[in-house]
Amino acid sequence: MRDVYVIGVGITSFTRLEFPLSEIAAYPVMMALKDAGIKEVDHLYVANMGSGRVNHQTGLASAVVDTLSLTPAGAEVVENGPASGASAVKTGFMAVASGVHDVVAVTGVERMREVNSLEATEFVATLTHPLGEYIYGVTLPSLAGMFTRLYMEKYGVTSRHLAMVAVKNQDNALLNEFAHIQQKITVEGILDSPEAMTNNPFVADPLRFFDCCPVSDGGASVILATREVAEKLGKPLVKLAGVGQATDTHCVSEREEPTDLLAVRRAAAQSFEMAGVTPADVDVAELHDAFTILEIVESEEVGFFKKGEGHLALERGETQIGGKLPINPSGGLKGRGHPVGATGVAQAYEIVLQLRGEAGKRQVDSPKVGFTCNFGGFGNNVVCLTFTREN
Amino acid sequence: MARDIYAYRCRKCGHLHYPYRMVCANCGENEHNEFDPEALPKTGTLLAFTRLYALPGDFDVPTLGLGIVELENGIRVTGQLDIDEPAAGMKVKGSVEVVRQEEYEKYYGMIFSQA
Ligand SMILES: [Zn+2]
């Protein structure tokens, strides 16, 4: 297997974007190619979940490769629900590692604001089990709500802990010009103030509005290449050192221990093993906080903290940008936004900036190892990536 | 006549699956149609629950109770809750009713109330 390096990155603003879907996908590739200092790639992977349903456009990869005038390079869409982004990065990794291609572009894109937010939630809900979950009106927030209550009862997590995740990630997003949410909030303001019941209503109790990520449009891209190509470009060398992926039961109800996220645990372990590092080596991480509870639980399942102690590390400030292990310096899904197909690539974008030392106001102190967790379904398909800085 | 929801028992090893699978999760049996349908019991214990305030378009109600119930045979199912104040460990009984109505189609599933 050949070593694989990230030689270029690009991103769009995450917000409501009034551009055609293929342009939202193509723009970050243009930025990433410029960043790398190259003009051509052997292949293009487009991560996307809903173009056929939400945007009435299929065959998206053919549209994007043509928009970029990269024809006749091969191109295809990688769809793996909200983990499509990291799945596409992993697919690009395999193409380069295997020797099939030397340079590939990966772009993740979603344009969800073309429909209203209920339709967007309904579109994401179609990834639940058709007969075991979907017909009942189950949505991702409802699965997260049930999960959150179990976690609170078992481990002593409270609404204040959840609010602390929201506050931290929205604070981080204020340092990220591409982040969707640019709003300072406080724990008191969203939980205790007289306005809390109206500005922070229940979505799926005990989860409230500020526990859920926004519905966003956006795109993000990375260019992957061999060491030989990467070395010629004269940039800091960032290696995609480990990839891991695992699945779990489609119906959440079937899981033996309903507060475990086994696919997260397994995908992370694979990714660390391939990279030859341990969770303790990680200096900065982007976790999939589609719901605030998930940042806490993933921080435990990937091995940063003991099971049931993630909220204690949060309380101690360890996961803030100046802390021992900064989590979601970009703002995470909560602050940066969650265009589902783009998220996994945007996580990789952030880690590459951090490892290069190019993250500006939100730069973590000289990180060497970075990690991402992209969570598909309600934990039924999870992809984790480990990055290391060389030279 | 009361309707039922079915689980599927592997003819080779006896493992009971809900929802349906084409290959046995326990023994790997993969001959087609080697599963016998078996009606799920209707009573059990409430394990997890939520009240959903942002509902999919097909639902013409302000909020929807949802939960995961462990039935008396150990199978866990998701269902709707018709319970004002649900609590973990509550004994519940289900009936199979229309749980979702789309323009041209009705879907039947389990709705639980306090036993
Ligand atoms: Zn069997």
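All values reported here derive from a predicted model rather than from experimental measurement.

1. Quick notes on the sheet that holds strand β3 (residues 35–39) of chain B
All names here are of chain B. Spatially, 3 strands are ordered β2-β1-β3 in an open sheet, and the strand pairing comes out antiparallel. The outermost strands of the open sheet, each flanked by one partner alone, are β2 (16–17) and β3. Two strands pair when backbone bridges link them, and strand β1 (residues 6–10) and β2 are joined in this way by 2 bridges, in the antiparallel orientation. Paired with R9 across the two strands is L16, which belongs to β2.

2. Describing helix α5 (residues 117–125) of chain A
Residues separated by three or four positions in an α-helix point in the same direction, a consequence of the helix having 3.6 residues per turn. Taken residue by residue, α5 of chain A has A120, E122, F123, V124 and A125 of chain A as its buried positions. Each element contacted by the buried residues of α5 of chain A is listed here: α2 (51–54), β4 (103–111), α6 (140–155) and α15 (340–356) of chain A together with β7 (91–101) of chain B.

3. Concerning the coordination of the zinc ion
Residues and elements named next belong to chain B. The zinc ion binds to the protein through C10 (SG), C13 (SG), C24 (SG) and C27 (SG); the donor distances cover 2.3 to 2.4 Å. One can describe the donor arrangement at the zinc ion as tetrahedral, given that its 4 donor atoms subtend angles of 107 to 112 degrees at the metal. Mapped onto the polypeptide sequence, the residues donating to the zinc ion form the spacing pattern C-x2-C-x10-C-x2-C. With C10 in strand β1 and C24 in the loop between β2 and β3, the pair connects residues that are 14 residues apart, well separated along the chain. Pair check on accessibility: C10 and C24 agree, each one buried.

4. A closer look at a nonpolar patch on the surface
Residue and element names in this part refer to chain B. A contiguous nonpolar patch, built from Y20, M22 and V23 and spanning about 290 Å² of accessible area, is present on the exposed surface. Within the secondary structure layout, V23 lies in the loop between β2 and β3. You can call V23 partly exposed: its relative accessible area is 41%.

5. As for the packing of aromatic side chains
Aromatic ring pairs are reported here in terms of the distance separating the ring centres and the angle at which the planes meet. Residue and element names in this part refer to chain A. Applying the stated criterion to the full structure yields 10 aromatic pairs over all chains. Relative to F378, the ring of F147 lies with its centre 5.4 Å away and its plane at 65 degrees, an arrangement referred to as edge-to-face. Of the two residues, F147 sits in helix α6 while F378 sits in the loop between β10 (369–376) and β11 (381–390), which places them 231 residues apart along the sequence. Residue classification places F147 among the buried positions, given a relative accessible area of 4%. Judged by its relative accessible area of 2%, F378 is buried. Here F375 and F378 contribute two aromatic rings whose centre-to-centre distance is 5.6 Å and whose plane-to-plane angle is 90 degrees, an arrangement assigned as edge-to-face. One exposure class covers both F375 and F378, and it is buried. The rings of F147, Y151, Y155, F375 and F378 are connected pair by pair, giving a single aromatic cluster.

6. Some details on the confidence of the model for chain A
Mean pLDDT over chain A stands at 97; residues scoring 70 or higher make up 100%. Ranking the elements of chain A by mean pLDDT puts α5 of chain A last, at 90, and strand β9 (residues 284–286) of chain A first, at 99.

7. Looking at the pairing of β4 of chain A
All names here are of chain A. Across the 9 residues of β4, 9 count as buried, placing the element largely inside the fold. Taking every second residue as pointing to the same face, both faces of β4 are buried, with V103, A105, T107, V109 and R111 on one and V104, V106, G108 and E110 on the other. The sheet contact formed by β4 and strand β7 (residues 217–226) spans 9 bridges and is antiparallel. Residue pairing across strands places T107 opposite S221, the latter belonging to β7.

8. Section: the layout of surface pockets
Residue and element names in this part refer to chain A. Counted as a void, the largest pocket has a volume near 650 Å³. Considering the residues around the largest pocket, the lining is formed by 30 residues, among which T121, C212, C213, P214 and V215 are closest to the centre. Those elements giving two or more residues to the lining of the largest pocket turn out to be α5 and α6. With 5 residues, the single largest contributor to the lining of the largest pocket is α5. Of the residues contributing to the lining of the largest pocket, the split by class is 21 nonpolar, 7 polar and 2 charged.

9. Quick word on the domain arrangement of chain B
Domain assignment breaks chain B into domain 1 (6–39) and domain 2 (43–114). If you average the C-alpha positions of domain 1 of chain B and of domain 2 of chain B, the two centres end up 25 Å apart.

About the criteria used
- Residues numbered from 1 in each chain as written.
- Chains lettered and ligands numbered in written order.
- Predicted model: local features only at pLDDT ≥ 70, side-chain atom pairs only at ≥ 80, totals over all residues.
- Heavy atoms only, no water.
- Pairing = 2+ DSSP bridges.
- Helix = DSSP H or I, 4+ residues; strand = E, 2+ residues; numbered from the N terminus.
- Buried < 20%, exposed > 50% of the residue type's maximum accessible area, 1.4 Å probe, protein only.
- Contact = heavy atoms within 4.5 Å.
- Donors = N, O, S within 2.8 Å, 3.2 Å for Na, K, Ca; no water.
- Tetrahedral: all angles 85-135°; square planar, octahedral: opposite > 155°, others 65-115°.
- Patch = residues over 30% accessible without salt bridge, like charges linked within 9 Å, V, L, I, M, F, W, Y side chains within 5 Å.
- Areas by Shrake-Rupley, 256 points an atom, 1.4 Å probe, with all protein chains shown as cover.
- Salt bridge = Lys/Arg side-chain N within 4 Å of Asp/Glu carboxyl O.
- Phe/Tyr/Trp six-rings, centres within 6.5 Å; stacked < 30°, edge-to-face > 60°.
- pLDDT = per-residue confidence, 0-100.
- 1 Å grid on protein atoms, 1.4 Å probe; cavity = no way out; pocket = protein on both sides within 12 Å on 5 of 7 lines; lining within 4 Å.
- Points joined across faces, edges and corners; volume = space filled by probe spheres on them.
- Nonpolar A, V, L, I, M, F, W, Y, C, P; charged D, E, K, R; others polar.
- Domains from an automatic or database assignment.

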